Amino acid sequence: MTAVRDSLAAPARERRKRPSRLTRTDKLVLVLMCGIPTILLIAFVWFPALASIGLSFTTWDGIGGLGTIKWVGFQNYHQIFTIYPSFGPALRHNVIWLAFLAAVPTTFGIFLAVLLDRQIRFTRVYQSTLYLPVMLSLALVGFIAQLFFSQDQGLVNGLVGRSGEAPDILGDPRLNLWAVLIAASWRHVGYIMVLYLAGLKSVDPSLRDAAAIDGASEWQTFRRVIFPVMKPINIIVVVVTVIESLRGSFDIVYVINGGKNGLELLNVLVYDNIVGEASRIGYGSALGTILLVISLGFIISFLVISFRREQRP
Amino acid sequence: MSALATSEKPAARAPVRVRPRARRGNRRVHAFLIVVSLVWLFPVLYSLYTSLRPYSDTAEHGYVSLAHSLSFENYKNAWTQADLPHYYLNSALVTIPAIVFTLLLASFVAFGISRYSWKLNLPLLMLFTAGNLLPQQVIITPLYRLFLEIPLPAFMSESGTLYDSFWGIIAIHVAFQLGFCVFVMSNYMKTIPQELSEAAMVDGASAWRQYWQIIMPLCRTPLAALATLEFTWIYNDFFWALVLMQSGDKRPITSALAGLQGQFFTNNNLIAAASLVAALPTLIVYFVLQRQFIGGLTLGSTKG
């Protein structure tokens, strides 16, 4: 989850907190209040994240005790990059997924946000409708995709291929990724739209008025005035798109065919390596680490945007 | 992922002068938006339509046809054969405690870091926020092993470990969702005037009393908004329960559907019905609490 925020219209906090005298009990209470959730977070999120990096340099079947973990250096990475047959396709599909999401639904969501930001009637109705798919889980989006694309009972084949053998859209590795991307886009558009709309609402209206007085067209106003001041939101939209495509893509693909045959993704490979009798913990961790490295840059840029303001006195 | 947002100032925009050209432009915009809205609504409406048609009807006439009869037969079948009420209950057992603990613990941390100045405030806030942005698959491999290693007494978990238990799923939801809620709550609490705490301190109120009797009652708006958002995210979770819950019959409904698919949902009509049953709680929340939603998404800096 992420958070876009008051980066634009941030009302600066004028007041600095004054030092306060706290009793010993107060201090203890506060330490517990902050400490317990922090321990939970570290134990279940950050420790596994770091352990993922550590275990990625080892081999372990997960059955024997911790003593059976063997250090193998970069062997897992070497194997993943050279001989793991699913890795190449998974990486390619992830890149396509990200590029498609960024190019089509993200752009379209921004476009809709700009349209809806103008004071038009029924804007709430449009927003509610377009946001509706975001309420559905990605797994359900996968089920709904099946209603459209399945071979014998799908709507698309019902409309198009009435004669001859119907194409198996979800079973064809050349087609299925695109079908799934359409389904994912259906949900992604509303999400981006709402994020962007919230950002647009906080743009200083006098900027728009000034541009209008200077005779700028609507496109010019957006391109030259609004878009540049929306930079923090733009970056957040990019971060959301990246994280969504690295994370949420699993659910849809898993529901449709378990992430095989044209739908391999990095996050599915992680899953494949940990389930089953003898799991390959080292392999799964190495794949997880690769995902971490990809997402880290975006997470950091998100943090920088969100907290830059805080560092100022 | 989700969103949080910018301060909304609806009244601040200067009134738009309506010129004939603009009005004609607006008509085109409306036409466009209506078409897009219909396209967006179509998959849900089509699912509803399919779910109401008996399989025999679609088998005979195809899915692209006018229904000869409509009934709730598919819903009845999905409901009883696949025992969907049981999975609803599982979802409730996971979602409700997870939301309560997430909000409670998040408000603790937010209170600590927004109302007192400590050196660790910013690093702590970043730790929480960043944790929420990690793809789940980054941490799942060690987490899965960790869950197998952590013992639980038999009365808490039949498996004897955190793995395959409701406690485990609730714990990871809370740990993972904390980041977002801490982020929102602390932003909100910062906007509550510091004088309030000072006055309370002069009156001798302890830190706990300040939290419980002064700050928390003022945080109803973000709490309500976060509760609705967290409800959809936790209810809609697919991944944690899929990996960390071995027994299919303990899984919440969102994760359980994938397993039930081949077993009970043998045709698209049933899949459509089951999907809509699974979607129902989030759709109800969305329609009933829409204001909370918009509030949640535009929360952040403004107070309410």
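S.K.: Got a sec to walk through the overall build of chain A? Specific residues and values, please.
M.R.: On a plain count of helices and strands, chain A comes out with 13 helices and two strands. Buried positions account for 47% of the 313 residues belonging to chain A.

S.K.: Account for the overall build of chain B, naming residues and giving values.
M.R.: Helix and strand content of chain B: 14 helices and zero strands. Order of helices (α) and strands (β) in chain B, N terminus to C terminus: α-α-α-α-α-α-α-α-α-α-α-α-α-α. For chain B, the share of sequence-separated contacts (at least 6 apart) that also reach a separation of at least 24 residues comes to 75%.

S.K.: Could you give an account of the confidence of the model for chain B, naming the residues involved and the relevant values?
M.R.: All names here are of chain B. In this model, chain B carries a mean pLDDT of 85, and residues with pLDDT of at least 70 account for 88%. The secondary-structure element of chain B with the lowest mean pLDDT is helix α14 (residues 290-297), recorded at 67, while helix α4 (residues 84-115) shows the highest, at 95. Taken together, the stretch residues 1-16 has pLDDT below 50 and engages in 59 contacts with residues farther than four places along the chain or on a different chain. Throughout residues 300-304 the model reports pLDDT below 50, and contacts reaching past four residues in sequence, or to other chains, amount to 18 contacts. What the predictor reports for the complex is a pTM of 0.87 with an ipTM of 0.86.

S.K.: Explain the interface of chain A and chain B to me, using residue names and the numbers behind them.
M.R.: On the side of chain B, 99 residues touch chain A, which itself brings 94 residues to the contact. Considering every element that reaches the side of chain A that touches chain B, the biggest residue donor is helix α1 (residues 24-55) of chain A, with 19 residues. Taken together, the residues of the side of chain A that touches chain B sort by class into 60 nonpolar, 22 polar and twelve charged.

S.K.: Residue-level account of the domain arrangement of chain A, with values.
M.R.: Accessible area lost on assembly of the parts is the figure often given for the size of an interface. Residue and element names in this part refer to chain A. Segmentation of chain A into domains returns domain 1 (22-85 + 276-313) and domain 2 (88-244). Between the C-alpha centres of domain 1 and domain 2 there is a distance of 31 Å. Opposite the five residues of domain 1 that make contact, domain 2 presents six residues.

S.K.: Lay out the confidence of the model for chain A with the relevant residues and their values.
M.R.: Residues of chain A with pLDDT of at least 70 account for 89%, and the chain-wide mean is 85. In the model, residues 1-19 of chain A has pLDDT below 50 throughout and makes 60 contacts with residues more than four positions away in sequence or in other chains.

S.K.: Kindly report on the environment of V100 of chain B, identifying the contributing residues and their values.
M.R.: Within the element layout of this structure, V100 of chain B appears in helix α4. For the pair formed by V100 of chain B and E230 of chain B, sequence separation is 130 residues and the distance between their alpha carbons is 9.9 Å.

S.K.: Give me the lowdown on unusual backbone geometry, citing residues and values where you can.
M.R.: Even without glycine at this site, F122 of chain A takes up a positive phi of about 60°. Locating F122 of chain A in the fold gives a position in the loop between α3 (87-117) and α4 (123-131). The class of F122 of chain A is partly exposed, set by 14 C-beta atoms lying within 10 Å. Positive phi outside glycine occurs at D164 of chain B, with the angle close to 65°. On the basis of neighbour counts, which here come to 20 C-beta atoms within 10 Å, the residue D164 of chain B falls in the buried class.

S.K.: Pulling in residues and values, what's your account of the environment of K231 of chain A?
M.R.: Residues and elements named next belong to chain A. Along the chain, the position of K231 falls in helix α10 (residues 231-247). By C-beta crowding, K231 is classed as partly exposed, having 13 other C-beta atoms within 10 Å. Taking the C-alpha atoms as reference points, K231 and G199, separated by 32 residues in sequence, lie 9.9 Å from one another.

S.K.: Break down the packing of α3 of chain A against helix α12 (residues 266-274) of chain A for me, with residues and values.
M.R.: Residue and element names in this part refer to chain A. Between α3 and α12, whose axes approach to 8 Å, the crossing angle comes to 140°. Between α3 and α12, the angle falls in the class oblique. Contacts between α3 and α12 involve F87, A90, L91 and N94 from the former and L266, V268 and L269 from the latter. Counted by class, the contact of α3 with α12 contains six nonpolar, one polar and no charged residues.

S.K.: An account of the nonpolar core is requested, with residue identities and associated values reported.
M.R.: With 166 residues, the main nonpolar core has V180 of chain A together with A274 of chain B as its most contacted residues. Broken down by element, the residue count for this core peaks at 17 residues, all from helix α7 (residues 176-201) of chain A. No fewer than three residues from each of domain 1 (22-85 + 276-313) and domain 2 (88-244) of chain A sit in this core.

S.K.: Can you lay out helix α10 (residues 220-235) of chain B for me, pointing to particular residues and giving the numbers?
M.R.: The end-to-end C-alpha distance of α10 of chain B is 22 Å, a good match for the 22 Å that 16 residues give at a rise of 1.5 Å each. Turning to α10 of chain B, its buried residues are P222, A225, L226, T228, L229, E230, T232, W233, I234 and Y235 of chain B.

S.K.: How would you explain the environment of V31 of chain A if you had to name every residue and give the values?
M.R.: Residue and element names in this part refer to chain A. Residue position: V31 is located in helix α1. Classification of V31 by C-beta neighbours within 10 Å gives partly exposed; the count is 13. Between the C-alpha atoms of V31 and K201, which are 170 residues apart in sequence, the distance is 38 Å.

Quick notes on the rules
- Residues numbered from 1 in each chain as written.
- Chains lettered and ligands numbered in written order.
- Predicted model: local features only at pLDDT ≥ 70, side-chain atom pairs only at ≥ 80, totals over all residues.
- Helix = DSSP H or I, 4+ residues; strand = E, 2+ residues; numbered from the N terminus.
- Buried ≥ 20, exposed ≤ 12 C-beta atoms within 10 Å, placed from the backbone.
- Contact = placed C-beta atoms within 7 Å.
- pLDDT = per-residue confidence, 0-100.
- Nonpolar A, V, L, I, M, F, W, Y, C, P; charged D, E, K, R; others polar.
- Domains from an automatic or database assignment.
- Axes fitted to C-alpha atoms, helices over the stretch in contact; angles between N-to-C directions.
- Parallel < 35°, antiparallel > 145°, perpendicular 65-115°, else oblique.
- Core = buried A, V, L, I, M, F, W, Y, C linked by C-beta atoms within 7 Å.
- Expected span 1.5 Å × (residues − 1).

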